[in-house]
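Spelled out from the first residue to the last, the chains are:
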Amino acid sequence: MGLRMYIKRERYLEKIRPFYEVDLIKVLAGVRRCGKSILLGQIEDEFREKGIDDDHIININFENVEFEKIRTYEKLNTYVQSKIQDDGRYYIFLDEIQHVRSFEKVLASFRATLNCSIFITGSNSKLLSGKMATLLVGRCVEFRIMPFSFKEAYEYVGLNGNNVSADEFIFDYMNWGGMPLRFSFSRESDIKTYLEQTYNGIVEKDIATERSKINREKFIKVAGYVMANAGKEFSSTSIEAYFENTNHESLDRKTIYRYLEKMEKACLINRVKRFNIVGKQAMAYVEKQYAVDVGFRMLNTNLVNFEDTFFLENIIYNELISRGYQVFTGKTYKGEVDFVVIDGRKKCFIQVSYYLHSQQTIEREFGAFKPIQDASPKYVLSLDRFDYSREGVQHINIVDFLLEKKDIALT
């Protein structure tokens, strides 16, 4: 595979830097293999560039065999205390912390007794939920880390000698997503094998573990269906029917919701709620699920038809989330809008389309906004290079949006 060049994950570093010296535990949560360890290393490097000595940087990767015996908070405490040699400030980096039982106890202790700045990563979106988490309420700041965005992926392949145009690369990205290590392979069969192994590793290590009491076979079938239908309106009834048709046995609704929660906790999916545009309020109802990476969606999809727009919708959703927006699906009294994007009190509305190749498609996508009285900006995003903006609705090319050449505005 040769020597690979790394990209600086500036989108995340920019968000984390203001907290470098703040007395809060910095939590980097994200799906396994999305690049959290590399990002942690980039933060370490920034401290070294500021002149922090190596002996004041304590780094433990709990997936490294060297540290496999540190599995309890007592052993972690003993190890870290052994590295503290003076009253100076220490920088503690703990990678994949979920492997340590009751880790919250020792983090609370470090924070209370040491002169330190703590950074942790974990492959669990609910890393700090559980009984122990009460020890850390108000003492953490969490950053959700995603696989490579389109812009990061395009920069990465460029650095590593691939001169493909961005308009061509979008189709590669739609197929195989942005898991960083997948770019080490050029053949599609190798990429597919890597993604399958990664996906199975997430299921084995983060979901269907020995302690979870999850039926692995049933889970994989349900998860496969959810991934294949990411972006489509969610219905537990359709999952029940699918399971019954393919397995000739029933699966109760409670189990389906438990599996969905497990997928969400392992950062495999994001669950998207509905926004009532007329009532101007977010609803508790989960409308859709989106895959954390379209490569995982691809693995679980037998017949791929990109023109159904769900792959593109998924990419746009992940992009908006990684930019720090709150994202909902929108309901009007006459239909729906793909996304309601919110930042504080500001918002905008977005429709996503593959190509606006017919008058009927144009009418459908732009017409989705007609029932909306709200004056917030409205956008149609598609792969077209021709500007179809009309009647106050702006059209943006998806590649330009993903490369940040053109942006949305919220009011």
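Our subject in this report is the structure included herewith. (Residues numbered from 1 in each chain as written. Predicted model: local features only at pLDDT ≥ 70, side-chain atom pairs only at ≥ 80, totals over all residues. Heavy atoms only, no water.)

Overview of the nonpolar core
The nonpolar side chains of a soluble globular protein tend to be buried, and buried together. Defined as follows: Only buried Ala, Val, Leu, Ile, Met, Phe, Trp, Tyr and Cys residues count toward a nonpolar core, and they belong to the same one when joined by side-chain atoms within 4.5 Å. Only protein chains enter the calculation, and the probe is 1.4 Å; a residue is then buried if its accessible area is under 20% of its type maximum, exposed if over 50%, and partly exposed in between. Going along the chain from the N terminus, every DSSP run of H or I of four or more residues is numbered as a helix, and every run of E of two or more is numbered as a strand.
If you look at the biggest cluster of nonpolar residues, it comprises 94 residues, and the most contacted ones within it are Phe 296, Leu 320, Phe 339, Ile 350 and Ile 408. Ranked by the residues each element gives to this core, the list is headed by helix α7 (residues 188–207), at seven residues. One finds Val 80, Leu 107, Cys 116 and Leu 127 within the second-largest nonpolar core, a separate group that totals 25 residues.

Focus on the packing of aromatic side chains
Going by this rule: Pairing of aromatic side chains requires ring centres within 6.5 Å, counting the rings of Phe and Tyr and the six-membered ring of Trp. Pairs whose planes differ by under 30 degrees are stacked, by over 60 edge-to-face, and all others tilted. Either the NZ atom of lysine or the CZ atom of arginine qualifies as a charge over a ring when it sits within 6 Å of the ring centre and within 35 degrees of the ring normal.
Enumeration according to the criterion identifies 28 aromatic pairs in this entry. Here Phe 19 and Phe 143 contribute two aromatic rings whose centre-to-centre distance is 5.7 Å and whose plane-to-plane angle is 70 degrees, an arrangement assigned as edge-to-face. Of this pair, Phe 19 sits in the loop between α1 (10–16) and β1 (25–29) while Phe 143 sits in strand β5 (residues 140–144), placing them 124 residues apart in sequence. Judged by relative accessible area, which is 8%, Phe 143 ranks as buried. Geometrically, the ring pair formed by Phe 67 and Tyr 79 is edge-to-face, given 5.7 Å between the ring centres and 80 degrees between the ring planes. With Phe 67 in the loop between β2 (57–61) and α3 (73–83) and Tyr 79 in helix α3, this residue pair connects regions lying 12 residues apart in the sequence. By the ring-pair criterion, three or more aromatic residues cluster together here, those being Phe 148, Phe 150, Tyr 154, Tyr 156, Phe 169, Tyr 173 and Phe 183. Positioned above the aromatic ring of Phe 119 is the side chain of Lys 26, whose terminal nitrogen or guanidinium carbon lies 4.9 Å from the ring centre. Cation over ring: Arg 323 sits above Phe 401, and NZ or CZ is 4.2 Å from the ring centre.

Digging into helix α8 (residues 216–228)
Since one α-helical turn is 3.6 residues long, residues separated by three or four positions face the same way. We apply this condition: Each helix should span, by expectation, one fewer than its residue count multiplied by 1.5 Å. It only takes one pair of heavy atoms within 4.5 Å for two residues to be counted as in contact.
The first and last C-alpha atoms of α8 sit 18 Å apart over 13 residues, in line with the 18 Å expected at 1.5 Å per residue. Within the span of α8, buried status applies to Phe 219, Val 222, Ala 223, Gly 224, Tyr 225, Val 226, Met 227 and Ala 228. Looking at the buried positions of α8, the neighbouring elements they touch are α7, α9 (236–247), α10 (253–265), β6 (269–276), β7 (281–291) and α11 (294–299).

Examining the sheet that holds β5
What counts is decided by this rule: Two strands qualify as a pair provided that DSSP identifies no fewer than 2 bridges between them. All axes are obtained by fitting lines to C-alpha atoms, using only the stretch in contact for helices, and the reported angles, taken between N-to-C directions, cover 0 to 180 degrees.
As summarised here, the arrangement of the five strands in space is β2-β3-β4-β1-β5, forming an open sheet in which the pairing is parallel. Edge positions in the open sheet fall to β2 and β5, since each of these has one partner strand only. Strand after strand, the sheet turns through a mean of 15 degrees between neighbouring axes, direction not considered. With five bridges connecting them, β1 and β5 associate as parallel partners. Within β5, the residue paired with Lys 26 across the bridge is Val 141. Those strands touched by helix α4 (residues 103–113) are β1, β3 (90–95) and β4 (116–122), and its axis lies near 160 degrees from that of β4.

Regarding the pattern of salt bridges
If charged atoms from side chains of opposite charge come close, those side chains can pair. To keep it simple, the criterion reads: We define a salt bridge as a contact between a side-chain nitrogen of Lys or Arg and a carboxyl oxygen of Asp or Glu at a distance within 4 Å.
Under the definition given, this model contains 36 salt bridges. Here Glu 10 ties to Arg 17 by a salt bridge, and the two come within 2.6 Å at their closest N and O atoms. The class of Arg 17 is partly exposed, set by a relative accessible area of 29%. Residue Asp 374 is joined to Lys 347 by a salt bridge in which the shortest nitrogen-to-oxygen separation is 2.8 Å. With a gap of 27 residues between them, Asp 374 in the loop between α13 (359–367) and β11 (378–382) and Lys 347 in strand β10 (residues 346–352) connect regions that are remote in the sequence. Here the two residues Asp 374 and Lys 347 agree in accessibility, since each one is buried. What you see here is one network of salt bridges that share partners, running through Glu 233, Arg 274, Glu 287, Lys 288, Glu 313, Lys 331 and Glu 336.

A look at the environment of Gln 373
With respect to the helices, strands and loops of the structure, Gln 373 is situated in the loop between α13 and β11. When the C-alpha positions of Gln 373 and Val 278 are compared, they lie 8.0 Å apart, and in sequence the two are 95 residues distant.

Here we look at the packing of α9 against α10
Inclusion rule: Roughly parallel means an angle under 35 degrees; roughly antiparallel, over 145; roughly perpendicular, 65 to 115; everything else is oblique. For this classification, Asp, Glu, Lys and Arg are treated as charged, while Ala, Val, Leu, Ile, Met, Phe, Trp, Tyr, Cys and Pro are nonpolar and the rest, including Gly, are polar.
At their nearest, the axes of α9 and α10 sit 10 Å apart, and the two run at 105 degrees to each other. With respect to α10, the element α9 is oriented roughly perpendicular. In contact with Ser 236, Thr 237, Ile 239 and Glu 240 of α9, α10 contributes Arg 253, Ile 256 and Tyr 257. Residues that form the contact of α9 with α10 fall into these classes: three nonpolar, two polar and two charged.

Structural notes on the environment of Glu 46
Which entries qualify depends on this criterion: Pairing of N or O atoms within 3.5 Å defines a polar contact, subject to two protein rules: one partner must be a possible hydrogen donor and the other a possible acceptor, and residues neighboring in sequence count only if both atoms are side-chain atoms.
Counting through the fold element by element, Glu 46 comes out in helix α2 (residues 36–49). The spatial distance from the C-alpha of Glu 46 to the C-alpha of Met 263 is 33 Å, given a sequence separation of 217 residues. If we ignore the near neighbours within four places in the chain, the residues touching Glu 46 are Lys 8, Leu 13, Arg 17 and Tyr 20. Of note is the side chain of Glu 46, whose polar atom sits 3.3 Å from the side chain of Lys 8.

Looking at unusual backbone geometry
With glycine set apart, most residues show a phi of negative sign, and most peptide bonds adopt trans. Despite not being glycine, Arg 33 shows a phi value in the positive range, around 70 degrees. You can see Arg 33 is positioned in the loop between β1 and α2. One non-glycine residue, Glu 404, lies in the positive phi region at around 65 degrees. Of note, Glu 404 is situated in the segment after α14 (398–402).

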